[in-house]
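Examination of the molecular architecture
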Amino acid sequence: MNTPLAVLNGSIEKLIETTQDPHALERLDRMQRVAQRLRRISESLVDFAKVRKDLMEPVSVRPVIEEAGAW
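What counts and how
Counting starts from 1 at the beginning of each chain's written sequence and moves along it residue by residue. In keeping with the predicted nature of the model, local features appear solely for residues at pLDDT of at least 70, side-chain atom pairs appear and are counted solely at 80 or more, and the whole-chain, interface and lining totals rest on all residues. Values reported for side chains reflect all heavy atoms of the structure, with hydrogen atoms and water molecules removed beforehand. Helix numbering and strand numbering both begin at the N terminus, where a helix is a DSSP run of H or I of at least 4 residues and a strand a DSSP run of E of at least 2. Between the two quantities, the radius of gyration covers C-alpha atoms and the globule rule is 2.2 Å times the number of residues to the power 0.38. With a 1.4 Å probe rolled over the protein chains alone, any residue whose accessible area is under 20% of its type maximum counts as buried; one over 50% counts as exposed, and the rest are partly exposed. In this tally, Asp and Glu contribute negative charge and Lys and Arg positive charge; neither His nor the terminal groups of the chain are included. Think of each charge as sitting on NZ of Lys, CZ of Arg, CG of Asp or CD of Glu. Lines fitted to C-alpha atoms define the axes here, with helix axes fitted over just the stretch in contact, and angles between the N-to-C directions of these axes take values from 0 to 180 degrees. Put simply, angles under 35 degrees are roughly parallel, angles over 145 are roughly antiparallel, angles from 65 to 115 are roughly perpendicular, and the rest are oblique. Crossings are assigned a handedness: left-handed for a near helix turned anticlockwise from the far helix by less than a right angle, right-handed for a clockwise turn. The contact criterion used throughout is that any non-hydrogen atoms of two residues lie within 4.5 Å. We call Asp, Glu, Lys and Arg charged. Ala, Val, Leu, Ile, Met, Phe, Trp, Tyr, Cys and Pro are nonpolar, and the rest, Gly among them, are polar.

Attention now goes to the overall build of the protein. Across its full length, the protein holds three helices and zero strands. Tracing the protein from N to C terminus, the helices and strands come up as α-α-α. For 71 residues, the compact-globule estimate of 2.2 N^0.38 gives 11 Å, and the C-alpha radius of gyration of the protein, at 25 Å, exceeds that figure by more than 25%. Considering only C-alpha atoms, the protein reaches an extent of 70 × 30 × 15 Å along its principal axes. For the protein, buried positions account for 11% of its 71 residues. Here the protein contributes 11 positive and 11 negative side-chain charges, whose respective centroids are spaced 5 Å apart.

Structure below.
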């Protein structure tokens, strides 16, 4: 999804450079913001889908228990 969005964003930027029409520039700016929002959503989905390994290691609980007893 990111590749088509990059192409779309590049096309929008090119159109912004080549037009002087304020109404068209306003619409292109809105389109650019939407494309950037879609890119952020796509990146978030990719990050969410990553498989993460649970890290389990021994932990010393004595300091925690002693600290709790100090209260």
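Bringing the packing of helix H1 (residues 2–18) against helix H2 (residues 22–49) into the picture now. Two elements in contact, H1 and H2, have axes whose closest approach is 10 Å; the angle formed by their N-to-C orientations is 160°. By the angle between their directions, the pair H1 and H2 is classed as roughly antiparallel. Here H1 runs over H2; the crossing is left-handed. Within the contact between the two elements, H1 uses Asn 2, Leu 5, Leu 8, Asn 9, Ile 12, Glu 13, Leu 15 and Ile 16 and H2 uses Leu 25, Leu 28, Met 31, Gln 32, Ala 35, Leu 38, Arg 39, Ser 42 and Glu 43. Each residue belonging to the contact of H1 with H2 can be placed in one class, and the counts come to ten nonpolar, four polar and three charged.

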